[in-house]
Amino acid sequence: MSAVERQQWDVVVVGAGGAGLRAAIEARERGARTAVICKSLFGKAHTVMAEGGIAAAMANVNEHDNWQVHFRDTLRGGKFLNQWRMAELHAKEAPDRVWELETWGALFDRTKDGKISQRNFGGHEYPRLAHVGDRTGLELIRTLQQKIVSLQQEDEKETGDYESRLKVFQECTVTRILKDGTRVSGVFAYERETGRFFVLEAPAVVIATGGIGKSFKVTSNSWEYTGDGHALALLAGAPLLNMEFVQFHPTGMVWPPSVKGILVTESVRGDGGVLRNSEGKRFMFDYIPDVFKEKYAESEEEGDRWYEDPDHNRRPPELLPRDEVARAINSEVKAGRGSPHGGVFLDVSTRMPAEVIRRRLPSMYHQFKELADVDITAEAMEVGPTCHYVMGGVAVDSDTAAARGVPGLFAAGEVAGGMHGSNRLGGNSLSDLLVFGRRAGWHAADHAADLDERPAVDDEQIDAAAAEALRPFSAEGQEPDSGPPENPYTLHQALQQSMNDLVGIIRREGEMEQALENLAELRVRARRAGVEGHRQFNPGWHLALDLRNMLLVSECVARAALERTESRGGHTREDHPVMDRRWRPVNLLCRLADPTGGLAAADPERDQIDLTRESTDPIRADLLALFEKEELVKYLAEEELYE
Ligand code: FAD
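Model, not experiment: these values are computed from the prediction. (Residues numbered from 1 in each chain as written. Predicted model: local features only at pLDDT ≥ 70, side-chain atom pairs only at ≥ 80, totals over all residues.)

(A) Region of interest: the overall build of the protein chain. On a plain count of helices and strands, the protein chain comes out with 19 helices and 20 strands. Along the three orthogonal principal directions, the C-alpha set of the protein chain runs to about 75 × 60 × 60 Å. Evaluated residue by residue, the protein chain yields a buried proportion of 57% over its 643 residues. For the protein chain, restricting intrachain contacts to residue pairs at least 6 apart in sequence, the fraction spanning at least 24 positions comes to 74%. (Helix = DSSP H or I, 4+ residues; strand = E, 2+ residues; numbered from the N terminus. Buried ≥ 20, exposed ≤ 12 C-beta atoms within 10 Å, placed from the backbone. Contact = placed C-beta atoms within 7 Å.)

In structure tokens form, the structure reads like this:
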């Protein structure tokens, strides 16, 4: 019988970024006693790093904008692979979620007539991103945290305890979802500072753990994005959807090496910045794909006029969706027309007065000044693609955010799949977090309230989770014939290098097969990942535990990428370079091959992931009617057109 401390809650939210906090607020407001648990400090999540803004069709800057246009842009950006119902809900509900933030105290930049200002971003037909300079995520998180504190103050007045109905466990990592039969019964976690294990029992768990970027070498993601939620869901029996789609943001810093991958916000291009190669050419005009030809400017003059008169000009191709721009930069560098440090040039200095740059892009100004000693008001930045976002994720019900096949499990935010199809538009993540964070919290609270009895928490599962977490301290001697313990940092580097080189922005069959071989070998070695010392703040131990998640998720990405023999959005195959309409109605689902959920001694030689194909839901007729027939012909499979 395990001596691990247990607490009972109605809803546990794993992750305190935008999705997690919005879910927690909703669950608490609907009467559920709610715990939020996060790996880093409260307030430090990717959401806080979001720069450009929140996409919502509020029509403040261009009156022609509405949810239908936003829906269309989102589907085009995702190359029609989006879970269309999610895209519909997202486009319809995003404005309310932004206005709601204002009622909770957020202060967005304003237009001259006092409305919330909205800026241009790639793939969005109209200026649509509500923003606070280039620090929008900070305001979003600050506001949600403030709302949580105000709810806690209400609770204190009523119960005498601030944390009676809403409690945050910060710097704690969840390593397992616990189950009673098929149903969720809670989570197993450890405190990062002390290494102490504990269990939060709950009939409903919302996973809101963000992305997977740390599986790749060059990434805009910070240390905690090791795909934990994706892996937790897999291990709990939920499938992951379309994991081949990984977004490489076109503009990350490339120099100096210590900051390679750090994001350069798309707002730089949205506000007028242009991309040039080493010959000084604005090369994006050479890379407008056929499906977008009619929507983008043909000349620099037209593109430049668009900033002042968007109704009579087409936008510049620097504002194509991210996958297109990232591929174009990759091609320029490969063709020998890159910048000195292997990127291309992104210039605002010749496009805007210095004081406007400092006002509209303050973080970028400081980032380049402090990290690269580059003054962006006077010279161009050097930029190149960086792994940024994962479109694939937990397969969820569009309306309720319920994870498929595991009653009581919900997922929202970047960890959930479907919403963005094969490629996310900038700004659509922050709105996604709010729309589906709210829905996940709502339905998790309902699920908990509707139960006749709470699911039981199984001691054996707790013991197995504790043993799994302690394994790195006894790596030596555990499998005596298998060699000395492995250093988790060495394994992590090898994993990142493999994913970067073999399953990166441009993919080839042979390389992905090689990646899968490398992953299989790393998986065997990772079972011997060993650490010294004790459980008090021990980063090596934390990484050893995270490796399980990164290896699982990386295998999903590589397997799905090998299977999809076409290029679409964030998945580019050199050996299958065009988008193939026959793949439009196909989803790829990854499931854990081990039916015990990986708790039994799994065979390390065996593949961990089973991959299956599934047909997508036919897109509802009234939504299809929002597009011209000529456009649909470019995307939909033959049989879908008939229907
Ligand atoms: P996150 O905000 O990533 O939060 C995840 C939470 O889960 C964290 O609290 C983390 O500690 C916790 N967690 C993870 N694993 C565990 C575990 N095992 N146990 C417990 N807790 C765990 N999108 C836009 O729409 N507009 C933008 O302008 C924009 N700019 C961006 C700029 C940068 C630099 C980056 C990196 C991303 C940007 N994005 C932007 C993308 C967007 O910020 C993210 O996709 C989004 O914030 C993800 O939010 P989330 O709530 O899903 O997760």
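So much for the structure itself; the text now carries on.
(B) Representation of the environment of Gln 496 within the structure. Relative to the elements of secondary structure, Gln 496 occurs in helix H14 (residues 488-502). With 283 residues separating them in the primary sequence, Gln 496 and Gly 213 have C-alpha atoms 9.4 Å apart. Among residues more than four places away in sequence, those in contact with Gln 496 are Ser 215, Phe 216 and Lys 217.

(C) Layout of the site of the ligand. Taken together, the neighbourhood of the ligand is formed by 42 residues, with Gly 15, Gly 17, His 46, Gly 210 and Gly 413 sitting nearest. Sorting the residues of the shell around the ligand by element identifies helix H1 (18-29), helix H2 (46-49), helix H5 (136-159), strand E8 (172-180), helix H6 (228-236) and helix H12 (428-450) as the ones contributing at least two each. The element best represented in the shell around the ligand is H12, accounting for four residues. Partitioned by chemical class, the residues of the shell around the ligand number 15 nonpolar, 22 polar and five charged. (Near = placed C-beta within 6 Å. Nonpolar A, V, L, I, M, F, W, Y, C, P; charged D, E, K, R; others polar.)

(D) Layout of the environment of Phe 216. Within the secondary structure, Phe 216 sits in the loop between strand E11 (204-207) and H6. C-alpha separation for the pair Phe 216 and Val 553, spaced 337 residues apart in sequence, amounts to 11 Å. Once residues lying within four places of it in the same chain are set aside, the contact partners of Phe 216 are Cys 387, Gln 496, Met 499 and Asn 500.

(E) Here's a closer look at unusual backbone geometry. Residues Trp 255 and Pro 256 are joined by a peptide bond in cis, for which omega reads -5°. The backbone of Lys 79 sits at a positive phi, close to 55°, despite the residue not being glycine. Checked against the element boundaries, Lys 79 lands in the loop between helix H3 (67-77) and helix H4 (84-103). Residue classification places Lys 79 among the buried residues on the basis of 25 C-beta atoms within 10 Å. The backbone of Phe 80 sits at a positive phi, close to 65°, despite the residue not being glycine. Within the fold, Phe 80 resides in the loop between H3 and H4. A tally of 28 C-beta atoms within 10 Å means that Phe 80 is categorised as buried.

(F) Spotlight on the nonpolar core. By size, the foremost hydrophobic cluster in this structure holds 187 residues, and its most contacted members are Val 11, Val 206 and Ala 411. The leading source of residues in this core is helix H16 (residues 539-563), at 15 residues. Not counting residues within four places of it along the chain, the set of residues in contact with Ala 411 comprises Ile 207, Gly 229, Ala 233, Gly 393, Val 394, Val 396, Ala 401, Ala 403, Ala 416 and Ala 440. (Core = buried A, V, L, I, M, F, W, Y, C linked by C-beta atoms within 7 Å.)

(G) Local environment of the sheet that holds strand E9 (residues 183-191). The four strands lie next to each other as E1-E10-E9-E8, forming an open sheet whose pairing is mixed. Looking at strand neighbours, the two that pair on one side only are strand E1 (5-8) and E8, the edges of this open sheet. Taken pair by pair, the neighbouring strands of this sheet meet at an average axis angle of 25°, ignoring direction. In this sheet, E9 lies alongside E8 in antiparallel orientation, the contact comprising eight bridges. (Pairing = 2+ DSSP bridges. Axes fitted to C-alpha atoms, helices over the stretch in contact; angles between N-to-C directions.)

(H) Representation of the sheet that holds strand E6 (residues 129-130) within the structure. Spatial strand order, E4-E6-E5: three strands in an open sheet with antiparallel pairing. With partners counted over all chains shown, the strands left at the sheet margins are strand E4 (54-55) and strand E5 (118-119), one partner each. When E5 meets E6, the two strands line up antiparallel, connected through two bridges. Paired with Gln 118 across the two strands is Ala 130, which belongs to E6.

(I) Broad picture of the UniProt feature "coiled-coil region" (unreviewed entry) in the protein chain. Under the present numbering, the feature "coiled-coil region" (unreviewed entry) in UniProt falls on residues 505-532. A distance of 36 Å separates the end C-alpha atoms of residues 505-532, which is 64% helix and 0% strand. (UniProt positions renumbered as here; feature names shortened; annotations may be inferred.)

(J) Structural context of the packing of H14 against helix H15 (residues 509-526). Their axes nearest at 9 Å, the elements H14 and H15 cross at an angle of 170°. The orientation of H14 with respect to H15, classified from their angle, is roughly antiparallel. In contact with Leu 491, Ala 494, Leu 495, Ser 498, Met 499 and Leu 502 of H14, H15 contributes Glu 511, Met 512, Gln 514, Ala 515, Asn 518, Leu 519, Leu 522, Arg 525 and Ala 526. The class makeup of the residues in the contact of H14 with H15 is 10 nonpolar, three polar and two charged. (Parallel < 35°, antiparallel > 145°, perpendicular 65-115°, else oblique.)

(K) Molecular detail of helix H11 (residues 362-372). Along H11, the positions that sit buried rather than exposed are Met 364, Tyr 365, Gln 367 and Phe 368. Considered in projection along H11, the buried side chains sweep an arc of 165° and stay on one side of the axis. Exposed residues lying more than 90 degrees from the buried face of H11 are His 366 and Glu 370. The secondary structure elements touched by the buried residues of H11 are helix H7 (267-270), helix H10 (354-360) and strand E16 (381-390). (Arc of directions from axis to C-beta.)

(L) Summary view of the environment of Gly 273. Here Gly 273 is to be found in the loop between H7 and strand E14 (274-276). Gly 273 gets classed as buried once you count the C-beta atoms within 10 Å, which come to 28. Counting along the chain gives 72 residues from Gly 273 to Phe 345, while the straight-line C-alpha distance between them is 10.0 Å. Each residue touching Gly 273, except ones within four places of it in the same chain, is listed here: Val 268, Leu 346, Asp 347, Val 348 and Arg 351.

(M) How the structure looks around the confidence of the model for the protein chain. Averaged over all residues, the pLDDT of the protein chain is 94; the fraction at 70 or higher stands at 96%. ipTM for the predicted complex: 0.99, alongside a pTM of 0.93. (pLDDT = per-residue confidence, 0-100.)

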